[in-house]
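Observations on the three-dimensional arrangement
Listed below, chain by chain, are the residues.
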Amino acid sequence: MTERESASEAILDVAEGISAEPITQWDLFVTRLRRHRLATIAFFYMGFIGFVALLAPLFTCQKDDTFCGRGPVEMSGLTTVLMLATALLVGYFAYRSFVSKLRGMAVALTFVTVVLGIFLVSSWGLLDVPHVNHYADQLPDESGRILVNIAPRGSIPLGTDDLGRDVLARVIHGGRASLAVGLVVGALVALLGTVIGSLAGYYPGVVDQSLMRFTDLVLGLPLLPVAIVVGRVLPELQFLPGFLKQGAWGIAVLVGLLVWGALARIVRAEFLSLREKEFVEAARAAGASDRRIIFRHILPNALSPIIVQTTLIVGTAIILEAALSFLGFGVRPPIPTWGGMAASGASIAVRGFWWELVFSAGALISTVLAINFIGDGLRDALDPTQTIERK
Amino acid sequence: MADPLLNVEDLRTYFSTEEGVVKAVDGVSFKVDAGERRGVVGESGCGKSVTAMSIMRLIEPPAGEIVTGKVEFDGRDLLKLTEADMQQVRGGDIAMIFQDPMTALNPVYTIGDQLIETILLHQDVSKSEARDIAITALDDVQIPHAGKVMEDYPHQFSGGMRQRVMIAMGLSCEPKLLIADEPTTALDVTTQAQIMNLMLELAEQRNTAVLLITHDLGVVAGFCDSIQVMYAGSIVERGTGDEIFHNPQHPYTWGLLGSMTRLDESQQERLNSVRGAPPSLINPPTGCRFGPRCDFAQDICREALPILHQSQEGQKVACHRSDELDLKSIAIGATS
Amino acid sequence: MFAYIIRRLVYGVVTLFALSLVVFLLIQFSGGSPLDRLKLNPRMQPVIAQLTELWGLDKPWYEQYFIWLRNFVTPVDVPAQEGLIVVLGKLGIRSWVAIAAAVAAVGYTVALFFVKVKANWWRTFRAFSIILTWLIAFWIIKSRIVFALNWGISFRGDGPVWDNIFGAAGNTFRLGATALLLALIVGIPLGIYQAIKQYSFFDQLGTMLSFITFSTPIFIIGVMLQLILALYMERWTGVKLFYVVGMTSSGYEELGRGLFGLPSLAQLGDVIQHLTLPAISIAAISMAGYSRFQRASMLEVMHSDYLRTAKAKGLPRRTVVVKHALRNALIPIVTLVSLDVAFIIGGAIITESIFGWPGVGRLYIGAIQSIDYPTIMAVVMAIGAGVVVMNIVADILYGVLDPRVRYD
């Protein structure tokens, strides 16, 4: 038994009342999360995907760009290996620091920084459409012919599509749209759902009634039909600022505005039950203000369902964006998205050119799967009532 | 002396978990005679409920397993019966009542359905006869308008009334042994007394033996002929009510009594608790399992596991030092 | 109960209002008025003047909205200005039969809930008789229906929207109902079996597979099924098991009719060959969801106190599972299924566009592409209404199945 394992054993001992060493909630959470092996792998995988998507412009670039020589073709060789190795290394160290000494604020800060970084870089990439045009560029061979529908081979590991573009480069870039949607929707849903849910749950009567009727209204809208309409007219809406009309931003905001209802309901239910609890009564009796009660006493206790539900909604949102892009009402070509690539891949797969479809679909499925595993792991790890005796 | 109705010998029930094997019941032996009322007392998690579930063979593999032991009932070893024979025993010869009456009845069937189902299972009667038996059973547990409430659903009843239904269900097939697993814990105090009196009366009428499992010494006090105290998976003391209450031989029993509110003693006295928490059942402490929490532990207590033996005072006790200690003269809980 | 249904209906109507307003505004504010779009379509040139007058396309958006709203609930054949009361007077005898059937069905349903009989058989009888009554009523209404609401004329020149939608709705219903049925009859037993054999290899495999399916977008499932089970399979083995486009083959009518005008076996086979793949595509994710949900709900019941009571009574394991566990474990899934209706309709939109299924979804995608606003509005409203009604039906069903539930 290694030292690390015995450390987590000690944590379990405390959890079961066997020993009395003090442990933090964070230790407990990490230990529980680590027992969910799939969630651990999923965390790792998402770190990897995030890193790759974040740095996508560095690894794939225009063919006449001096930095990368002949661009995607060359990158497929040594650069790919280097990139994967770096990503794995970064993921591993992030994971190590996550589970060991780095705690609380430090972890939160790191997380926020990374998220903001991904956010900024991906938005910069997605906003500036001409700049990222390189992934729409076609691969010529030595004699200058365009390599259309080339099957995966050594120098082009994932093949090329029907316009002769490198599928690997496009899969890497496509992740940026999905991750941007995931992050924006996650933030938006967590914010809207928590604020509306907690207000409704904490202030019964008019506030509760009006907010919940509004929530019911939003939940009552048929998701996909409405999303399709909005996705279709989004680039044509006159009152929208330019950056929302194109790329993943507008889609992300749209999806976020449609899917927060479920979380609001859950948060409200949590608040309703928590505000009747004795510790809240006690805080109230001690003269705590509403604000203090909400932020210091109720919200921390309602955090687990918020985190878990948000994670699951992020998975749904990524699927929704992909579906919109597949139907042609999401992120428009030539900006690559996994959904859009699946659509064009499906049309050429009929002729036997399966790679674009399979790799874009694989990336999409594995990402959503990882998010769902994380959600599942978080649910197990955050549930304080969960008994230790699971086999 | 006639053969006992129930003879449990060296029963061991283990649960396998991620952390290791939990020895929930670890070598329990006892006998219950026909018509006897036996109390089983102990903290939560001491194995008293698992003992009962093991007797009924309701431990679900693969998580839990009866490792060894013998449960002789009416001369048959229940652990060796086929599942089909065991089903005849459950509800027919041995009935069981559970802790929480609010959840123990199936919410989607009427009281009548659930009673009649039991009766048809164990008695060779027609449906309408079964209905009459069920109504009689409900009458016996003093439920008003028995004929009418047959069509009611459990959620229309209060906790006390549901527990009465459970008792009616348990006794409707005239079992020889009734296992009551904390039957009154979930009820409020006035209802508790009613239910206990009802059970006492009905068991006496039918000469049904009762195995009453509880953590509440007050409940067993008035009800049971004999009491056994369990701690960490084994029996630490067994004797008549008088012996246990007035002359405890095991420090744990002594501690338990000290933690009980008593009306017959002066108000001044403070309530005491047994210090510490029950031990892990995965890696129990070596020697006496109560050792780490015991005020009188000596070296021998840390080395050898005491076995249940006849004490000088008459009851059986599992303590190395029971004969030298005179717990009766030490004010209860005085050292702590 | 009655008041509860009324309240739910009112909320439903409000939701539909909001829905129509949102979609209407979105279309209004996207690149020019419907009139501008209409002018671009050469097929619509002859009727532009008429449509402009009828729909007030040159008026401000709020007036257009109210005109649309009024038209939406007004039967055609009658000038829109005359109002609903006059309209009823002009309906033919067949319409009255249909209306009478609907009223009778509603009346029967309401009346049954006032009859108080406390017995299991009564609950079952009530549930089934209501469903039967409604089926008969719908059959009469469907065969007698002669009126149409003024949902406008497709801006793409496809004719009246009402006719288009009702033609397509039947096809979508065929697809959606098959998918739902498939998901239920596979997903639920799967979940139950997994719960009974908890921690077995099968259970873990099932959990893993449902997790993966659950994380897979519907369009990928559809496209993959289409490619592997139809196209590639035919290419590699020469066996044509499934068709990938449409509802029937072009030579469907020549396959011969069966008795009483019912489809012949050959026709039925043809329909199944077309229906299978799209139905599986829609059903797969729901199936995974149901099996996961059913497993959890079954496990919860299996660990419940009343199941322990049932075992302690000496009931055989089979009876314990079938009689005591199943009944309780099946109740919560009713809610899930009702919430799933919206999801299945969404799935149908995607699947229909992949498999060229002439349903509401394909109609919708086509209408969206050319911003055919009467069709978009009508489809969205029809879907919204369907979801509202299904949710209410599920609530009623829940009340019937679970004696603890009382709606006040």
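The model shown is predicted, which means the values in this text are computed figures rather than measured ones.

A word on the interface of chain A and chain C. Interfaces are often described in size by the accessible area the parts lose on coming together. If you look at the interface, chain A gives 43 residues, while chain C gives 42 residues. Summed over both partners, the interface of chain A with chain C buries about 3600 Å², with 79% contributed by carbon and sulfur atoms. Taken together, the links from chain A to chain C amount to zero salt bridges. Where chain A packs against chain C, one counts seven residue pairs in polar contact (both at pLDDT 80 or more). Contributing elements (two or more residues each) for the side of chain A that touches chain C: α8 (206–220), α9 (223–233), α14 (290–327), α15 (338–349) and α16 (355–382) of chain A. Its residues placed into classes, the side of chain A that touches chain C shows 32 nonpolar, five polar and six charged.

Turning to the sheet that holds strand β7 (residues 177–181) of chain B, a few remarks are in order. Residue and element names in this part refer to chain B. Pairing within the open sheet is mixed, and its eight strands lie in the order β6-β7-β8-β3-β9-β10-β12-β11. Either end of the sheet is taken by a strand with one partner, and the two such strands are β6 (94–97) and β11 (309–310). Summarising the sheet, strand β10 (residues 234–240) and strand β12 (residues 316–317) pair through two bridges and their orientation is antiparallel. Bridge pairing links E237 to V317 in β12. Contacting β3 (37–41), β6, β7, β8 (209–214) and β9 (226–231), helix α1 (residues 48–55) runs over the sheet at an angle of about 145° to β8.

We now examine the sheet that holds strand β5 (residues 76–77) of chain B. Residue and element names in this part refer to chain B. On the basis of which strands lie adjacent, the open sheet formed by four strands has the order β2-β1-β4-β5 and antiparallel pairing. Across the chains shown, the open sheet's two edge strands, defined by having one partner strand only, are β2 (20–32) and β5. Note that strand β1 (residues 6–17) and strand β4 (residues 64–73) share eight bridges and pair antiparallel. When the bridges of β4 are listed, F15 appears paired with G64. Lying over the sheet, α1 contacts β1, β2 and β4, oriented at roughly 110° with respect to β1.

Attention now moves to unusual backbone geometry. Residues and elements named next belong to chain B. Although it is not a glycine, Q142 sits at a positive phi angle of roughly 60°. By the secondary structure assignment, Q142 is in the loop between α5 (127–140) and α6 (146–149). Since its relative accessible area comes to 44%, Q142 is described here as partly exposed. The backbone of H145 shows a phi angle near 50°, a positive value even though the residue is not glycine.

Cut-offs applied
- Just so you know, the residues in each chain are numbered from 1, in the order the chain's sequence is written.
- Chain letters and ligand numbers both follow the written order, the letters beginning at A and the numbers at 1.
- Totals for whole chains, interfaces and linings use all residues, but because this is a predicted model, local features are given only for residues with pLDDT of at least 70 and pairs of side-chain atoms are given and counted only at 80 or more.
- The basis for every side-chain value is the complete set of non-hydrogen atoms in the structure, without hydrogens or water.
- We call two residues contacting when some pair of their heavy atoms lies within 4.5 Å.
- Buried area counts how much accessible surface, traced with a 1.4 Å probe, disappears from two parts once they are put together, with both parts' losses summed.
- When a carboxyl oxygen of Asp or Glu lies within 4 Å of a side-chain nitrogen of Lys or Arg, that pair is called a salt bridge.
- For the purposes of these results, a polar contact is taken to be a pair of N or O atoms within 3.5 Å, where, inside protein, one atom must be able to donate a hydrogen and its partner to accept one; residues adjacent in sequence count only when each atom of the pair is a side-chain atom.
- Numbered from the N terminus, helices here are DSSP runs of H or I no shorter than four residues, and strands are runs of E no shorter than two.
- Three classes are used, and their members are as follows: Ala, Val, Leu, Ile, Met, Phe, Trp, Tyr, Cys and Pro are nonpolar, Asp, Glu, Lys and Arg are charged, and the others, Gly among them, are polar.
- Strands qualify as paired when DSSP identifies two bridges or more between them.
- For every element, the axis is a line fit to its C-alpha atoms; helices are fit only across the contacting stretch, and the angle between N-to-C directions ranges from 0 to 180 degrees.
- A 1.4 Å probe rolled over the protein chains alone gives each residue an accessible area, and that area as a share of the maximum for its type sets the label: buried under 20%, exposed over 50%, partly exposed in between.

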